Amino acid sequence: MAGIYTCVLFGVVYKKGTIRFNLLDGLVLALWVWEFIIGMFTEGQNNCISYLTGQYLFITYYFILRLGLRDVSTVKPFMRILLVFIFMISVISLVSFGLFAGLVYDAGFESLYDFKYLYRPFGSLNNVWGTLMLMLLGIAAIPLLTYAQKGKEVIFGIIPFCLLLVCLVCSFSRGIYICLALSMLLISYYILTSNDKTHIKLIKLISLAVVLIGMVFVFKNDALRTMRLVETESQQRSLQARVNALDYTWQALKNNPWMGCGTGNYSLAVNEYTFEHNGDSFTNMAPNVFSQLLLEKGVVGTVLWGLVFLIECIMLSKCSFVNRRGQVFLFLFLLVIFAREMSFAAILTDKRLLAALAIWLALSQCNISKEENGGVAFPKTVCMIMIIIGFSGLSVYHFIFWHDQKCYQDYSIFASEKDYVSAYEKVNQARDNVASNVLASSACMAIYNEHQDGRYLSLAQKHIDRAVTFSPNDAYLLGCRAVVQYRNKKEKALGEAKSLVAKFPENTFYRLLLADMLYGVGKRKESIPHFTKAVIASPSILESKSWKEFVGNDRIVADDIMDAIKLETANKPDDPLRLSRYGKLLYLLGDSTVAKEYLSEAAAMLPNLKTPWVYLAKIAGANASPELLRHLAIWNDTSSSEDNNDYSNYNVKSMHWYLYPLHRSIGFRICCPQSSGKVVFEGKDTDIKSIYYDRT
């Protein structure tokens, strides 16, 4: 796609004599250069290729439109094509929504709101898709409010516009609803103050009212639930999470204020303040665009994007009075989009949203003459050289990324064949970054375990230390470092594990790591509280083969752990996620009566939790009601999933941050589930190996 866009832009520039660059053009170019810089020098350098490519597509598309859309005569045919495209994707989106609604209703649930996360048109998150629909709504409104005067043109524009309204109402997103209300106020004002004939104004206003009122009536309960904002448990949790995000944004900014953590790495920037404490959920989406800009792009990137907004304001003042009406609408609707970004930041990390933003920025310059726009003229030869340099730089970066991924793939092949020496040599050919160092450390540990060669243990320590240096915000790497240290520096490893538990007491991984290490050095009694907390957070441990082996080898410690779990679960929590986990634990411990009570309450509070339905069905067994089985059918996978999932969460995290599932590389399994290493109980030493660990 980048190559196609580059060729089109090259052709557009070639037909020009000179290219006039204004201040906004310069800022757009500066944004890409800054993206390149932070991609090279921040913690998230592994994953920046995707966002760097997205930014490149954004600027090439922007300049294609900027140079191609000169005035209304060129904007009109472009808008007709765009409206046809909007019509098509709106129809597909509504068909997708119909399938989603049918799935929920067939499962016996009455509320679509609780399951809106299952609605993913074109594979997009519901909130991301809602933002795209909102941006397209503003674009579709432009011909209706500016130059569409004939009846046919009005009808041609109003059909896709109304379809977009339906899509937005069906999002059941509070942020979208607020911005939709702002949009309707703005559009209604423009309709009433337009030069259209009275009957045309009435057609437009009635169309808006019929669509909105009709959709709210069809989905009355879900729409009203969305409008109440904080009625449900999930709404309250979501709002509280956004409020909490404001507190740790400023703390996280201190770590790297000027450059940030890299685009798409908001979660890495705030990891130690939120996700390390709570394994219940993980998202890479920032709660608002200010937090996203500051933490991902630093102060410099925030200033650059702020200047883009400022230049849009300046253009408004430069625009002649004749064209100012359209220019004001463009600017005011950009404010609506900005309001949406303050509730869910998505534009800067999604290629489709960046393309829509490019359309907005290009259209905002169509109403301004060359004299009003100003700028500096450059010969087309200079511009073509700049295009070649930009594309070449992106191509080189793509090649480097491809080479790294090839090294990782070869590493995996050699490791699966237990040829760890070749695996180590191969991964050393990749760039010096987090992923390569973690994989190298893992290979060295495997070689050491096999040959007991102290040199490889030193190399394992060196590489994991290097990984920690690259990504100090990733506390999981500290746990991996403790795993390596455990081989010959047990006290130091124990100290590292204890400090992690003290800092992140709710984290399952660190609890279990410390418990395993204490048990491994013979401190069985001391390990029990940590094992207990780990199992409470991750009940699936009790379902594993390794737990059964543990019970058989050390019944005394296992009984103490289960007794402690029973004491903890006797206190009914208010939180639905804890209720769900406690219900699962009680079922696994044999108390189905109380388990059913807990699980039923959790399902009532958060119907979209899978675990309560799974274990209610298990408790019912052959007597499970048809309604319960219908509820369960909404999930294709009927295994439970609401454990405090620090491990599978880290799989998601590492794929976001380093584009490689690093949790598959270094493991510490000693005496708990899914162990593929040597398990020795009774307080003896253990073999820590590089293994795949999946807690579910």
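Because the structure is predicted, anything quoted here is derived from the model rather than measured.

Trainee: I'd like a rundown of the overall build of the chain, residues and numbers included.
Mentor: On a plain count of helices and strands, the chain comes out with 30 helices and two strands. Within the chain, contacts between residues separated by at least 24 positions form 73% of all contacts whose residues are at least 6 apart in sequence. When the accessible surface of the chain is summed, it comes to about 29,100 Å², and 62% of that surface belongs to carbon and sulfur atoms.

Trainee: Summarise helix α18 (residues 434–451); cite the residues concerned and give the values.
Mentor: Given a rise of 1.5 Å per residue, 18 residues ought to cover 26 Å, and the 26 Å separating the end C-alpha atoms of α18 matches this to within 8%. Among the 18 residues in α18, 16 count as buried, and that is most of the element. Structurally, the start of α18 carries an N-cap: the backbone nitrogen of A435 is 3.3 Å from a side-chain oxygen of N433. Q452 sits one or two positions beyond α18 and adopts a positive phi of about 55°.

Trainee: Can you explain the packing of helix α2 (residues 23–41) against helix α16 (residues 380–416)? Please cite residues and give values.
Mentor: Interhelical geometry of α2 versus α16 gives an angle of 25° and a closest axis separation of 13 Å. For the element pair α2 / α16, the angle class is roughly parallel. Judged by the sense of rotation from one axis to the other, the crossing of α2 with α16 is left-handed. On α16, the residues touching L29, W32, F36, G39 and M40 of α2 are M386, G390, G393, L394 and Y397.

Trainee: Give me the packing of aromatic side chains: which residues, what numbers.
Mentor: Tallied over the full model, the rule gives 34 aromatic pairs. With centroids separated by 6.0 Å and ring planes inclined at 75°, the aromatic side chains of W657 and Y658 adopt a geometry described as edge-to-face. No difference in accessibility class separates W657 from Y658, as the two residues are buried. Each member of the aromatic cluster is reached from another via a ring pair, and the members are W32, F36, Y56, F391 and Y397. Over the ring of Y486 we find K490, and its NZ or CZ is 5.0 Å from the ring centre.

Trainee: Would you mind going over the nonpolar core in detail, with residue names and values included?
Mentor: Residues L137 and F161 are the most contacted members of the largest nonpolar core, which totals 196 residues. Here this core takes 14 residues from helix α5 (residues 126–145), the largest share from any one element. Not counting chain neighbours up to four residues away, the residues in contact with F161 comprise L137, A140, A141, L144, M184, I187 and L208. Counting 25 residues, the second largest nonpolar core, distinct from the first, contains L512, V535, I541 and M562.

Trainee: Would you mind going over the pairing of strand β1 (residues 18–21) in detail, with residue names and values included?
Mentor: Of the two faces of β1, the one holding I19 and F21 is buried and the one holding T18 and R20 is not buried anywhere. In this sheet, strand β2 (residues 376–379) lies alongside β1 in antiparallel orientation, the contact comprising four bridges. Directly across from I19, in β2, lies its bridge partner F378.

Trainee: I'd like a description of unusual backbone geometry, backed by residues and values.
Mentor: With a phi angle near 50°, F172 is a residue other than glycine that sits in the positive phi range. Residue placement: F172 occurs in the loop between α6 (151–169) and α7 (174–192). We classify F172 as buried; its relative accessible area is 0%. Unlike most non-glycine residues, Q452 shows phi in positive territory, near 55°. Note on Q452: relative accessible area 47%, which makes it partly exposed.

Trainee: So, a nonpolar patch on the surface: which residues are in play, and what are the values?
Mentor: Taken together, the side chains of V84, F87, M88, V91, V95, L99, I155, F156 and I159 make up a nonpolar region of the molecular surface, amounting to roughly 800 Å² of accessible area. Elements with a minimum of two residues in the nonpolar patch: α4 (72–106) and α6. Per-element accounting of the nonpolar patch gives the leading share, six residues, to α4. Counting through the fold element by element, V91 comes out in helix α4. Residue classification places V91 among the partly exposed residues on the basis of a relative accessible area of 33%.

Trainee: Give a description of the environment of A497 that names residues and reports values.
Mentor: Among the secondary structure elements, A497 is positioned in helix α21 (residues 490–503). Separated by 16 residues in the primary sequence, A497 and L513 place their C-alpha atoms 6.8 Å from one another. The residues contacting A497, other than those within four sequence positions of it, are L513, L514 and M517.

Trainee: For the pattern of salt bridges, give the residues involved together with the corresponding values.
Mentor: Tallying each qualifying case throughout the model produces 21 salt bridges. Notably, a salt bridge pairs D404 with R431, separated by 2.6 Å at the nearest N-O pair. Of this pair, D404 sits in helix α16 while R431 sits in the loop between α17 (420–427) and α18, placing them 27 residues apart in sequence. For D404, a relative accessible area of 3% translates into the label buried. The salt bridge involving E526 is made with K498; its shortest N-O contact spans 3.9 Å. One end of the pair, E526, is in helix α23 (residues 524–537); the other, K498, is in helix α21, with 28 residues separating them in the sequence. Through salt bridges that share partners, K406, D410 and K426 make up one connected network.

Trainee: Before we move on, can you summarise the environment of F378 with the specific residues and values?
Mentor: Relative to the assigned elements, F378 resides in strand β2. Using a relative accessible area of 31% as the deciding quantity, one classes F378 as partly exposed. Distance in space between the C-alpha atoms of F378 and I19 is 5.2 Å, their sequence separation being 359 residues. Apart from residues lying up to four places away in sequence, F378 is in contact with T18, I19, F21 and C383.

Trainee: Which residues make up the side chain of N437, and what values do they have?
Mentor: For N437, the location among the structural elements is in helix α18. Engagement of the side chain of N437 in a polar contact is seen with the side chain of H463, the distance being 3.0 Å. Sequence-distant contacts of N437, that is, excluding residues within four places in its chain, are made with D432, H463, I464, R466, A467 and F470.

Trainee: Before we move on, could you go through the packing of α5 against α7 and cite the residues and values that matter?
Mentor: Helix-helix packing: each pair is described by the crossing angle between the helix axes and the interaxial distance. For the pair α5 and α7, the least separation of the axes is 11 Å and the interaxial angle reads 5°. On the basis of the axis angle, α5 is roughly parallel to α7. Contacts between α5 and α7 involve G130, T131, L134, L137, A141 and L145 on the former and, on the latter, I176, C179, L180, S183, M184, I187, Y190 and I191. A class-by-class count of the residues in the contact of α5 with α7 yields 11 nonpolar, three polar and no charged.

Trainee: Give me the lowdown on the confidence of the model for the chain, citing residues and values where you can.
Mentor: Taken over all residues, the pLDDT of the chain has a mean of 82, while the share at 70 or more is 88%. Note on residues 667–696: pLDDT is under 50 here. Beyond four places in sequence and across chains, it has 94 contacts.

Trainee: Describe the environment of M315, naming the residues involved and giving the relevant values.
Mentor: Looking at the secondary structure, you find M315 in helix α12 (residues 289–318). Along the sequence, M315 and F331 sit 16 residues apart, while their C-alpha atoms lie 9.5 Å from each other.

Trainee: Can you break down α4 residue by residue, with the values?
Mentor: With 35 residues, α4 extends 49 Å from end C-alpha to end C-alpha; this agrees with the ideal 51 Å at 1.5 Å per step. Positive phi shows up at G108, right after α4, with a value of about 90°.

Reading the values: the criteria
- Residues numbered from 1 in each chain as written.
- Predicted model: local features only at pLDDT ≥ 70, side-chain atom pairs only at ≥ 80, totals over all residues.
- Heavy atoms only, no water.
- Helix = DSSP H or I, 4+ residues; strand = E, 2+ residues; numbered from the N terminus.
- Contact = heavy atoms within 4.5 Å.
- Areas by Shrake-Rupley, 256 points an atom, 1.4 Å probe, with all protein chains shown as cover.
- Expected span 1.5 Å × (residues − 1).
- Buried < 20%, exposed > 50% of the residue type's maximum accessible area, 1.4 Å probe, protein only.
- Polar contact = N/O pair within 3.5 Å; in protein donor to acceptor, adjacent residues only side chain to side chain.
- Axes fitted to C-alpha atoms, helices over the stretch in contact; angles between N-to-C directions.
- Parallel < 35°, antiparallel > 145°, perpendicular 65-115°, else oblique.
- Left-handed = near helix turned anticlockwise from the far one by under 90°.
- Phe/Tyr/Trp six-rings, centres within 6.5 Å; stacked < 30°, edge-to-face > 60°.
- Lys NZ or Arg CZ within 6 Å of the ring centre and 35° of its normal.
- Core = buried A, V, L, I, M, F, W, Y, C linked by side-chain atoms within 4.5 Å.
- Pairing = 2+ DSSP bridges.
- Patch = residues over 30% accessible without salt bridge, like charges linked within 9 Å, V, L, I, M, F, W, Y side chains within 5 Å.
- Salt bridge = Lys/Arg side-chain N within 4 Å of Asp/Glu carboxyl O.
- Nonpolar A, V, L, I, M, F, W, Y, C, P; charged D, E, K, R; others polar.
- pLDDT = per-residue confidence, 0-100.

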